[in-house]
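# A closer look at the structure
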Number of protein chains: 2
Amino acid sequence: MVGVPPTDVFSALANPVRRKLLDSLREGPRAVNDLAGQFELSRPAVSEHLQVLRHARLVREEPRGRQRYYHLEPDPLVEVRDWLHPFEHYWRERMRSLRDLLDEENNP
Amino acid sequence: MVGVPPTDVFSALANPVRRKLLDSLREGPRAVNDLAGQFELSRPAVSEHLQVLRHARLVREEPRGRQRYYHLEPDPLVEVRDWLHPFEHYWRERMRSLRDLLDEENNP
DNA sequence: CCAACGCGTCGGGAAACGTTGACGCGTCGG
DNA sequence: CCGACGCGTCAACGTTTCCCGACGCGTTGG
């Protein structure tokens with residue numbers, strides 16, 4: 001994992017650890033040791049997963065003293081949503097619940 | 001790629017060839033040689049990508065004489081959509097267009 | 001019945017990936 | 001100023017992925 005990663009969003013999401021990292025960052029920026037505490041993984045391993053996410057532009061790092069806080073940067077996920085969208089056509093039944101959820105977000 | 005690993009959906013989507021295969025199958029079932037014609041790839045390579053998609057339950061095969069037609073089976077993509085959904089919260093601006101599209105589907 | 005076709009699968013080699021221990025650099029506290 | 005902390009990165013190794021050529025099996029057409 002040392003070389004130059006392909007910065008592909010889909011590949012970045014292929015790993016469950018990286019997906020959980022993004023899930024955690026939804027609640028706000030967090031430092032590396034804090035994030036690493038959630039996994040049975042060495043800290044370098046988490047660091048390199050974060051590097052993959054950084055190259056995919058899914059996270060941004062902000063140095064704070066001797067720690068580095070990582071922020072979620074969800075924009076590239078639009079590519080996934082756009083690719084996924086034509087398939088929504090196929091499970092129309094579940095679309096209503098999604099629309100209701102979106103309506104709830106827009107008209108609270 | 002010879003074993004029988006129960007591939008998860010996210011890993012199946014990590015490869016661009018497999019994503020294009022799913023895109024092609026959106027327009028209807030197709031045979032392997034037909035699909036392989038789209039790529040600069042050997043037919044066995046395409047066959048093995050289809051095997052990955054089959055293990056992820058994203059496609060189904062239907063034998064027709066000496067050909068095998070592959071059908072799209074988009075249900076597992078729901079897992080991707082469900083994982084993605086909490087992040088929609090972050091690009092609210094683009095949510096309106098999605099909602100409008102869903103409204104259009106539901107009230108044609 | 002036999003040759004050609006369509007396809008899955010195996011063998012194997014190259015490349016990519018994931019993990020760990022070791023090292024280095026900047027930062028903070030005493 | 002010095003040791004501890006927080007973190008990135010490298011070297012190395014095992015595992016997985018990706019691709020191809022070769023083979024085998026069932027189907028079809030002559």
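## With respect to the sheet that holds strand β1 (residues 30-31) of chain B
The strands making up a sheet are joined through hydrogen bonds of the backbone, oriented either antiparallel or parallel. Residue and element names in this part refer to chain B. If you trace the three strands from one edge of the open sheet to the other, you get β1-β3-β2, paired in antiparallel fashion. Single-partner strands in this sheet number two, and they are β1 and β2 (59-64). In the packing of helix α2 (residues 16-25) onto the sheet, the strands contacted are β1, β2 and β3 (67-72), and the crossing angle to β3 comes to about 90 degrees.

## A closer look at the domain arrangement of chain A
Accessible area lost upon the coming together of the parts serves often as the stated size of an interface. Residue and element names in this part refer to chain A. The domains assigned to chain A are domain 1 (9-72) and domain 2 (77-106). Between domain 1 and domain 2, the residue contacts involve four residues of the former and four residues of the latter. Summing the contributions of domain 1 and of domain 2, the shared interface buries around 410 Å²; its carbon and sulfur component is 88%. Taken as a group, Val9, Phe10 and Leu13 account for 83% of the area that domain 1 buries against domain 2, more than any other trio of residues on that side. Applying the counting rule to domain 1 against domain 2 returns zero salt bridges.

## Comments concerning the packing of aromatic side chains
Residues and elements named next belong to chain B. Counted by the stated rule, this structure contains four aromatic pairs over all chains. Ring geometry for tryptophan 83 versus phenylalanine 87: centroids 4.8 Å apart, planes at 40 degrees, classification tilted. Placement of the pair is tryptophan 83 and phenylalanine 87 together in helix α5 (residues 77-88), with a separation of four residues, close to one helical turn. Overall, tryptophan 83 belongs to the buried group, its relative accessible area being 12%. Residue class for phenylalanine 87 comes out buried when judged on its relative accessible area of 0%.

## Examining the environment of glutamine 51 of chain A
All names here are of chain A. Inspection of the secondary structure puts glutamine 51 in helix α4 (residues 43-55). On the accessibility criterion, glutamine 51 (24% relative accessible area) is partly exposed. With 32 residues separating them along the chain, glutamine 51 and arginine 19 place their C-alpha atoms 13 Å apart.

## Points about the packing of α2 of chain B against helix α4 (residues 43-55) of chain B
Residues and elements named next belong to chain B. Interhelical geometry of α2 versus α4 gives an angle of 75 degrees and a closest axis separation of 10 Å. The orientation of α2 with respect to α4, classified from their angle, is roughly perpendicular. Across from Val17, Arg18, Leu21 and Leu22 in α2, the residues of α4 making contact are Val46, His49, Leu50, Val52 and Leu53. Classifying every residue of the contact of α2 with α4 gives seven nonpolar, one polar and one charged.

## Thoughts on the nonpolar core
Inside soluble globular proteins, nonpolar side chains tend to come together where they are buried. If you look at the biggest cluster of nonpolar residues, it comprises 54 residues, and the most contacted ones within it are Leu13, Leu22, Leu58 and Leu77 of chain A together with Leu13, Leu22 and Leu58 of chain B. By residue number, the principal contributor to this core is helix α5 (residues 77-88) of chain A, which donates six residues.

## Re the environment of threonine 7 of chain B
All names here are of chain B. Along the chain, the position of threonine 7 falls in the segment before α1 (9-12). Separated by 44 residues in sequence, threonine 7 and glutamine 51 have C-alpha atoms that sit 9.9 Å apart. Each residue touching threonine 7, except ones within four places of it in the same chain, is listed here: Ala12, Val52, His55 and Ala56.

## Overview of the layout of surface pockets
Residues and elements named next belong to chain A. Estimated volume of the largest pocket: approximately 210 Å³. Elements that contribute at least two residues to the lining of the largest pocket include exactly α3 (32-36), α4 and β3 (67-72). Classifying every residue of the lining of the largest pocket by side-chain character gives three nonpolar, three polar and six charged.

## What about the pattern of salt bridges?
Summed over the entire model, instances satisfying the criterion amount to 15 salt bridges over all chains. Between arginine 26 of chain A and aspartate 23 of chain A there is a salt bridge, with the nearest N and O atoms lying 3.5 Å from each other. Of the residues examined, aspartate 23 of chain A reaches a relative accessible area of 22% and is grouped as partly exposed. Put simply, glutamate 61 of chain B and arginine 68 of chain B hold a salt bridge, and the shortest N to O gap is 3.3 Å. Its relative accessible area of 28% is what places glutamate 61 of chain B among the partly exposed residues. Salt bridges sharing partners connect three or more residues here, namely Arg81 and Asp82 of chain A together with Glu88 of chain B.

Conventions we followed
Residues numbered from 1 in each chain as written. Chains lettered and ligands numbered in written order. Predicted model: local features only at pLDDT ≥ 70, side-chain atom pairs only at ≥ 80, totals over all residues. Heavy atoms only, no water. Pairing = 2+ DSSP bridges. Helix = DSSP H or I, 4+ residues; strand = E, 2+ residues; numbered from the N terminus. Contact = heavy atoms within 4.5 Å. Axes fitted to C-alpha atoms, helices over the stretch in contact; angles between N-to-C directions. Domains from an automatic or database assignment. Buried area = accessible area lost by both parts, 1.4 Å probe. Salt bridge = Lys/Arg side-chain N within 4 Å of Asp/Glu carboxyl O. Phe/Tyr/Trp six-rings, centres within 6.5 Å; stacked < 30°, edge-to-face > 60°. Buried < 20%, exposed > 50% of the residue type's maximum accessible area, 1.4 Å probe, protein only. Parallel < 35°, antiparallel > 145°, perpendicular 65-115°, else oblique. Nonpolar A, V, L, I, M, F, W, Y, C, P; charged D, E, K, R; others polar. Core = buried A, V, L, I, M, F, W, Y, C linked by side-chain atoms within 4.5 Å. 1 Å grid on protein atoms, 1.4 Å probe; cavity = no way out; pocket = protein on both sides within 12 Å on 5 of 7 lines; lining within 4 Å. Points joined across faces, edges and corners; volume = space filled by probe spheres on them.

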